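Tertiary structure, described
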Amino acid sequence: MIISVANQKGGVGKTTTVVNLSTYLAREGKRVLVIDADPQANATSGFGIDKHKMTKSTYDLIVNETPLKDTLINTDIDNLQIVPSHIDLVSAELELVSVISRETRLRESLKDEADSFDFIFIDCPPSLSLLAINSIVAGDRILVPIQCEYYALEGVSQLLNTVKRIKKYLNPAIEIWRVLLTMYDRRTSLSQQVAEEVKSYFPGRVFNSIIPRSVRLSEAPSFGKPIAYYAPESKGAIAYQELAREVISLE
């Protein structure tokens, strides 16, 4: 299953979800691959990998058509590998402009190896770009994190329009699979209101698991560790563990 984690609005917990959900799935014995398709490389550094020391990256996978097996890096977590990102990925937009089938480069690079993994997560860049389109086209399903704050649905309508066009012209099978509520603060009525609004906007497609606002979740990336290894007893860790089990139940 290839899951594109996307939201054209930044700061919604997209990379946090990729890093921590993939970690807990790997700890449940699933074979997991993370593809960091964001030039900021936050998912890469979130696993404690030095993004400046990479010899192969998502750039090579998409632009140079380097075989997937030659771009994989083992993380410190059993069953979990990553294709790291690199600042070079910024230039991919320009380099792909004149390439035939430029929107499907990532999908083509995965098609022969996808069965080697139970889950492949693509951390999409928070923009409407050729790189983002590649990342969405390559997926079987889309997971959309939405923060429980003001303007929560801002950017979602843009994403839906993008998905509609991709479905029509590039990948008829792609769909919004599930929505994940993030940064939920049960003490505020705002979080509750946003949760209800999102559930009415995406009936039947919102995870039961909800990710709370958590200082520990915010701190973990600066230590290069998923929450399962930084603060395993924290409420954020428990929430992502529950999410992983919910995802497995939906396989």
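Please refer to the structure higher up on the page.
All of the points below concern the structure found in this document. Note that this is a predicted model, so its numbers are computed, not measured. As a convention, each chain's residues are numbered from 1 in the sequence order in which they are written. Predicted model: local features are reported for residues with pLDDT of at least 70 only, side-chain atom pairs are reported and counted for 80 or more only, and whole-chain, interface and lining totals are derived from all residues. Excluding hydrogens and water, the side-chain figures rest on all heavy atoms present in the structure.

Describing the pattern of salt bridges
For this document, the term salt bridge refers to a Lys or Arg side-chain nitrogen within 4 Å of an Asp or Glu carboxyl oxygen. For the coordinates displayed, the defined rule picks out 10 salt bridges. Where arginine 245 meets glutamate 28, a salt bridge forms, and the shortest distance between an N and an O atom there is 3.2 Å. With arginine 245 in helix 11 (residues 235-249) and glutamate 28 in the loop between helix 1 (14-27) and strand 2 (32-36), this residue pair connects regions lying 217 residues apart in the sequence. Residue glutamate 28 is classed as partly exposed on the basis of its relative accessible area, which comes to 36%. Residues lysine 111 and glutamate 108 are paired through a salt bridge, measuring 2.8 Å at the closest nitrogen-oxygen approach. Comment: elements are numbered from the N terminus, with helices defined as DSSP H or I runs of at least four residues and strands as E runs of at least two. The buried label goes to any residue with under 20% of its type's maximum accessible area, the exposed label to any with over 50%, and the partly exposed label to all in between, with areas taken from a 1.4 Å probe on protein chains only.

Regarding the pairing of strand 6 (residues 141-147)
When a strand is regular, its side chains alternate between the sheet's two faces. Judged by how many residues are buried, strand 6 sits mostly within the fold: 6 of 7 residues are covered. Following DSSP output, two strands are said to pair if at least two bridges run between them. Strand direction decides the pairing type here: strand 1 (residues 2-5) and strand 6, joined by 3 bridges, are parallel. By the bridge assignment, isoleucine 3 is partnered in strand 6 with arginine 141. Across 6 bridges, strand 6 lies against strand 7 (residues 176-182) in parallel orientation. Across the sheet, leucine 143 pairs through a bridge with arginine 178, a residue of strand 7. In the classification by handedness, the crossover that spans strand 6, the intervening helix 7 (residues 156-169) and the parallel strand 7 is right-handed. Looking down the strands as they point away from the viewer, one classifies a crossover as right-handed if the path from the first strand across the helix to the second runs clockwise.

Points about unusual backbone geometry
One non-glycine residue, glutamate 65, adopts positive backbone phi at about 55 degrees. A relative accessible area of 57% means that glutamate 65 is categorised as exposed. We note that tyrosine 151 has phi near 60 degrees; this positive angle belongs to a residue other than glycine. By the element assignment, tyrosine 151 lies in the loop between strand 6 and helix 7. A relative accessible area of 64% means that tyrosine 151 is categorised as exposed.

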